[in-house]
Amino acid sequence: MAFPSINEQMDVIKRGTVEVLPEEELVKKLERSQKENKPLIIKQGFDPTAPDIHLGHTVGIRKLRQFQELGHQVVVIIGDYTAMVGDPSDKKSTRPRLSHAQVMEHAQTYQDQFFKILDKSKTIVRFNGDWFKKMTFEQIMGMAATFTVARMLERDDFAKRYAAQLPISIHEFFYPLMQGYDSVEIKADVELGATEQKFNLVIGRHIQKEYDMEPQIILTMPVLEGLDGKQRMSKSLGNYIGIDEPANEIYGKTMSIPDDAIYRYFELVTDVSAEELERIKSQLADPAVNPRDLKSYLGRTLVRMYHDEKAADAAEEAFRNLFVKKDVPDDMPEFTLGGGAMRIDEVMLATKTCDSKGAARRLIKGGAVSLDGEKISDPFFTVDLSAEHVLKVGKRKFARLKTA
RNA sequence: GGGGAGAUAGCGAAGCGGUCAAACGCAACAGACUGUAAAUCUGUCGGCCAAGUGCCUUCGGAGGUUCGAAUCCUCCUCUCCCCA
């Protein structure tokens with residue numbers, strides 16, 4: 001197998017990457033890989049805590065893809081063991097431990113989604129439970145002995161929690177160790193992670209050295225902002241765009257990001273060329289250009305990546321109709337609520353367009369509810385169910401009421 | 001092991017016997033304005049009932065004192081700090 005030249009490879013690797021540590025070592029590894037015609041082992045880990053891959057994850061996954069295209073070997077670690085241990089960072093709501101079956105289920109959906117980006121035939125997937133469940137206590141002690149508490153407390157989030165007098169459990173210290181040990185097991189040459197992962201990645205280097213192994217190079221990738229444009233995109237914050245979501249969702253969510261996030265999204269999660277990026281940047285700075293149009297372009301690009309061109313057209317069209325022309329969408333949940341009449345708050349509860357009847361009344365009072373385009377202001381309004389209706393609650397919630 | 005402080009709604013944080021379904025800030029939701037952007041303004045932000053000086057469930061958990069407890073007492077659980 002022929003690898004591209006070192007310079008070409010470095011160009012690809014460094015594009016969009018925050019840090020390559022240490023760069024000279026990577027060059028050496030690449031040189032050796034080329035001389036021996038042996039691909040480097042590129043690692044990234046994922047905890048299958050919830051079964052959705054979102055755009056934030058794709059920043060790293062897309063980089064993995066580039067490594068594949070350069071001819072290197074990608075190894076994806078599914079952290080089934082770490083996921084089963086359960087992340088205790090949110091002490092209040094002691095997160096339910098995931099059963100092995102759940103983990104495997106999540107792992108499956110993860111993989112389905114990985115391979116929307118990665119080349120399946122060139123990817124090795126490993127579960128870290130494979131080695132951790134076989135470890136003896138002696139081996140665990142050995143692993144734990146490779147690191148000190150003082151260094152562990154250097155990690156930013158531990159330091160902050162410690163300073164804020166928040167609890168830190170001992171086993172949380174095992175997280176970075178385990179992640180580092182994964183690198184030993186698969187003999188990683190390079191590990192990718194978001195910038196916030198830097199500490200864990202560096203521990204991987206340290207542990208590999210302890211196990212008499214050449215340390216991995218670490219590549220940190222930028223953290224993508226979520227839909228609010230401020231906080232990181234994450235499942236727990238609910239501000240994400242999943243790559244498995246329907247086209248309309250991907251497009252619609254994209255349209256809701258703030259203007260100053262547009263460039264970041266183009267840069268981090270799309271394939272547009274460097275020249276195109278420049279053009280986008282200058283357009284964003286041009287007051288004559290409506291940023292909405294660039295956002296629409298972004299939304300279309302993303303839908304095209306995870307669906308296709310047709311879906312992009314349809315999503316844009318649906319969005320226009322819904323929010324610009326204020327038409328009702330074609331697709332909406334349908335409900336058959338039996339015949340006769342039903343009070344509006346009960347209809348809202350039945351169609352899950354509100355959480356409680358009290359909430360329904362508040363929404364009605366706030367002018368958020370309409371039926372067939374007519375605003376409802378009477379909380380005791382009775383809906384005639386012998387005819388079909390379209391219920392709208394807020395900007396986005398719709399329900400079609402069918403007759404029995 | 002000893003001593004001290006603390007646990008309040010999604011988060012932060014007041015309240016320290018009745019006027020508490022609990023101030024305030026953030027987040028969230030809705031309305032106005034818009035480009036489903038931002039900013040701003042307004043309203044809402046435990047559940048139920050045709051809605052009231054109404055009923056039910058909530059201030060870590062279990063009991064108790066009291067006409068009345070987020071507030072006082074006892075025990076328990078958890079957390080942080082100092083000492084060993």
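Draft legend 1. Highlighting the side chain of K29. With respect to the helices, strands and loops of the structure, K29 is situated in helix α2 (residues 23–36). In this structure the side chain of K29 is engaged in a polar contact, spanning 2.8 Å, whose partner is the side chain of E214. Among all residues touching K29, those that are not within four sequence positions of it are L40, D189, E214, P215 and I217.

Draft legend 2. Molecular detail of the layout of surface pockets. Of the pockets and cavities examined, the second largest pocket occupies roughly 770 Å³. If you trace the second largest pocket, you find 28 residues lining it, with N248, E249, L322, F323 and P329 closest to the centre. Of all elements in the fold, only α12 (247–255), α16 (309–324) and β13 (397–402) reach the threshold of two or more residues within the lining of the second largest pocket. Ranked by residues supplied to the lining of the second largest pocket, first place goes to α16 with 8 residues. Its residues assigned to classes, the lining of the second largest pocket shows 14 nonpolar, 6 polar and 8 charged.

Draft legend 3. A look at the pattern of salt bridges. The final tally for this structure, using the stated rule, is 27 salt bridges. For the salt bridge of R62 with D271, the shortest nitrogen-to-oxygen distance reads 2.8 Å. Taken together, the residues R62 in helix α3 (residues 55–69) and D271 in the loop between α13 (262–269) and α14 (274–285) connect sequence positions 209 residues apart. Among the residues examined, R62 registers a relative accessible area of 12% and is labelled buried. Between R343 and D345 there is a salt bridge whose closest N-O contact spans 3.0 Å. Residue classification places D345 among the buried residues on the basis of a relative accessible area of 0%. Where salt bridges share partners, they join R300, R304, E309, D313, E316 and R320 into one cluster.

Draft legend 4. Geometry of the protein's contact with RNA strand B. Neighbouring RNA strand B are 30 residues, the closest being Q165, D259, F319, K357 and R361. Each atom of RNA strand B within 4 Å of the protein was assigned to sugar, phosphate or base; sugar and phosphate come to 65%. Contacts to RNA strand B include K295, whose side-chain N or O atom sits 3.1 Å from a base nitrogen. Take R361: an N or O atom from its side chain is 2.2 Å from a base nitrogen of RNA strand B.

Draft legend 5. Up close: the nonpolar core. Among the nonpolar cores identified, the biggest contains 60 residues, and L26, L55, F114, V190 and Y265 are the most heavily contacted of them. Ranked by residue count, the leading element in this core is α13, at 6 residues. Residues contacting L26, with those up to four places away along its chain left out, are M10, I13, V20, L40, V190 and I217. One finds F173, M178, F199 and I207 within the second-largest nonpolar core, a separate group that totals 20 residues.

Draft legend 6. Fine view of the sheet that holds strand β10 (residues 374–375). Taken in spatial order, the 5 strands of this open sheet run β7-β13-β12-β9-β10, and their pairing is mixed. For this open sheet the edge positions go to β7 (334–336) and β10, each flanked by a neighbour on one side alone. Here 3 bridges tie strand β9 (residues 369–371) to strand β12 (residues 389–393), and the two strands are oriented antiparallel to one another. By the bridge assignment for β12, V369 is matched with V393.

Draft legend 7. Geometry of the sheet that holds strand β4 (residues 123–127). Strand order in the open sheet formed by 6 strands is β1-β6-β5-β2-β3-β4, and the pairing between neighbours is mixed. Looking at the sheet topology across the chains shown, the edges are occupied by β1 (19–21) and β4. Recorded for the sheet is a direction-independent mean angle of 25° between the axes of neighbouring strands. Bridge analysis of strand β5 (residues 190–194) against strand β6 (residues 217–221) gives 5 bridges, and the strand direction is parallel.

Draft legend 8. Representation of the packing of aromatic side chains in the model. A complete count under the given rule lists 10 aromatic pairs for this structure. Here the aromatic rings of F158 and F173 are separated by 5.2 Å at their centres, their planes lie at 75°, and the arrangement is edge-to-face. Here the residue F158 occupies a position in helix α9 (residues 156–163), and F173 occupies one in the loop between α9 and α10 (174–186), the gap between them amounting to 15 residues. Of the two residues examined, F158 and F173, each falls in the buried class. With a centroid separation of 5.2 Å and an interplanar angle of 45°, the aromatic rings of F266 and Y297 are classed as tilted. Remark: Y297 occurs in helix α15 (residues 291–306) and F266 occurs in helix α13; sequence separation between them is 31 residues. For F266, a relative accessible area of 1% translates into the label buried. A residue is classified by how much of its surface remains accessible, and Y297, at 24% relative accessible area, is partly exposed. In this structure an aromatic cluster arises from ring pairing among Y81, W131, F132, Y181 and Y211. Above the face of the F158 ring, R155 is positioned so that its terminal group lies 4.3 Å from the ring centre.

Thresholds, definitions, all that
Residues numbered from 1 in each chain as written. Chains lettered and ligands numbered in written order. Predicted model: local features only at pLDDT ≥ 70, side-chain atom pairs only at ≥ 80, totals over all residues. Heavy atoms only, no water. Helix = DSSP H or I, 4+ residues; strand = E, 2+ residues; numbered from the N terminus. Polar contact = N/O pair within 3.5 Å; in protein donor to acceptor, adjacent residues only side chain to side chain. Contact = heavy atoms within 4.5 Å. 1 Å grid on protein atoms, 1.4 Å probe; cavity = no way out; pocket = protein on both sides within 12 Å on 5 of 7 lines; lining within 4 Å. Points joined across faces, edges and corners; volume = space filled by probe spheres on them. Nonpolar A, V, L, I, M, F, W, Y, C, P; charged D, E, K, R; others polar. Salt bridge = Lys/Arg side-chain N within 4 Å of Asp/Glu carboxyl O. Buried < 20%, exposed > 50% of the residue type's maximum accessible area, 1.4 Å probe, protein only. Near = heavy atom within 4 Å. Core = buried A, V, L, I, M, F, W, Y, C linked by side-chain atoms within 4.5 Å. Pairing = 2+ DSSP bridges. Axes fitted to C-alpha atoms, helices over the stretch in contact; angles between N-to-C directions. Phe/Tyr/Trp six-rings, centres within 6.5 Å; stacked < 30°, edge-to-face > 60°. Lys NZ or Arg CZ within 6 Å of the ring centre and 35° of its normal.

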